[in-house]
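Chain by chain, the residues:
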Amino acid sequence: MMPRKIDEAITVELSHEGEPRSFVWRRFEYEIVGVPQSFFHRRRWWCASQSSPAASAVSAHPTTSAAATACAPRQRVDQELWRVDASCTGDDFHTYDLLRLPDDGWRLQLVWE
């Protein structure tokens, strides 16, 4: 399987345990089957864009450490991801990586095809 980067906003419905049950992407609802797998991915915090508040703080104050800036609110170093198997038709399943944002929003990161 090869991953395809998507990086689009999605809506996710969670179970009582806090695991993704389904998600809506491009107006289609995808039902998740099996057990979702959670994992954490270390983001490339040292490559923050200049438009982000964290990057601006580093350039404005060169004595500020990058590690301290990376831990600022909404700039976590580790990103929570969920790998799920899902289908919108009920018979054609694919694997998806769902990213949970610090503000409880969600993005579809990858589709494994």
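These lines cover the structure that appears in this document, whether it is placed above or below. (Residues numbered from 1 in each chain as written. Predicted model: local features only at pLDDT ≥ 70, side-chain atom pairs only at ≥ 80, totals over all residues. Heavy atoms only, no water.)

**Re the sheet that holds strand β4 (residues 78–87)**
Part 1 of the reasoning: Taken together, the 6 strands give a closed barrel; going around it, the order is β1-β2-β3-β4-β5-β6, and neighbouring strands pair in antiparallel fashion. For this sheet, the mean angle separating the axes of adjacent strands, direction not counted, is 45 degrees.
Part 2 of the reasoning: Bridging between β4 and strand β5 (residues 94–100) involves 7 bridges; their strand directions are antiparallel. Each bridged residue has a counterpart across the sheet, and for D85 the counterpart in β5 is T95. (Pairing = 2+ DSSP bridges. Helix = DSSP H or I, 4+ residues; strand = E, 2+ residues; numbered from the N terminus. Axes fitted to C-alpha atoms, helices over the stretch in contact; angles between N-to-C directions.)

**Focus: the pattern of salt bridges**
Part 1 of the reasoning: If you walk through the whole model with that rule in mind, you get 7 salt bridges.
Part 2 of the reasoning: A salt bridge links D7 to R107; its shortest N-O distance comes to 2.8 Å. Of the two residues, D7 sits in strand β1 (residues 3–14) while R107 sits in strand β6 (residues 106–112), which places them 100 residues apart along the sequence.
Part 3 of the reasoning: The partly exposed category is assigned to D7, whose relative accessible area is 32%.
Part 4 of the reasoning: Taking relative accessible area as the criterion, R107 reaches 25% and is therefore assigned partly exposed.
Part 5 of the reasoning: Of the charged contacts, one joins R42 and D78 as a salt bridge, the two residues approaching to 2.8 Å between their closest N and O atoms. In this pair, R42 sits in strand β3 (residues 28–42) while D78 sits in strand β4, placing the two residues 36 residues apart along the sequence. (Salt bridge = Lys/Arg side-chain N within 4 Å of Asp/Glu carboxyl O. Buried < 20%, exposed > 50% of the residue type's maximum accessible area, 1.4 Å probe, protein only.)

**Some remarks on the pairing of β6**
Part 1 of the reasoning: Of all 7 residues that make up β6, 5 are buried, and the element is covered over most of its length.
Part 2 of the reasoning: Note: β1 against β6, 6 bridges, orientation antiparallel. In the sheet register, P3 faces β6, and the bridge partner there is W112.
Part 3 of the reasoning: Relative to β6, β5 runs antiparallel, the two being bridged by 6 bridges. Its bridge partner lying in β6, D97 is registered against L110.
Part 4 of the reasoning: In this structure, the hairpin formed by β5 and β6 is closed by a connection of 5 residues, where D104 is found at a positive phi of approximately 70 degrees.

**So, unusual backbone geometry**
For residues besides glycine, phi is generally negative; the peptide bonds are generally trans as well.
Part 1 of the reasoning: In the Ramachandran plot, D7 falls in the positive-phi region, its phi being about 55 degrees despite a non-glycine side chain.
Part 2 of the reasoning: One non-glycine residue with positive phi stands out, namely D104, at about 70 degrees.
Part 3 of the reasoning: Residue classification places D104 among the exposed positions, given a relative accessible area of 58%.

**Concerning the pairing of β4**
Part 1 of the reasoning: For β3 and β4, the ladder comprises 9 bridges, and the chain directions are antiparallel. Residue pairing for β4: F39 is matched across the bridge by L81.
Part 2 of the reasoning: Between the antiparallel neighbours β4 and β5 lie 6 residues, among them G90 with a positive phi of about 95 degrees.

**So, the side chain of S87**
Part 1 of the reasoning: On the secondary structure map, S87 appears in strand β4.
Part 2 of the reasoning: Here S87 falls in the buried class, since its relative accessible area comes to 4%.
Part 3 of the reasoning: Only 3.2 Å separates the side chain of S87 from the backbone oxygen of D92, close enough to count as a polar contact.
Part 4 of the reasoning: S87 has contacts with E29, Y30, E31, D92 and F93, leaving out every residue within four places of it along the chain. (Polar contact = N/O pair within 3.5 Å; in protein donor to acceptor, adjacent residues only side chain to side chain. Contact = heavy atoms within 4.5 Å.)

Just distances and angles here, no functional claims.
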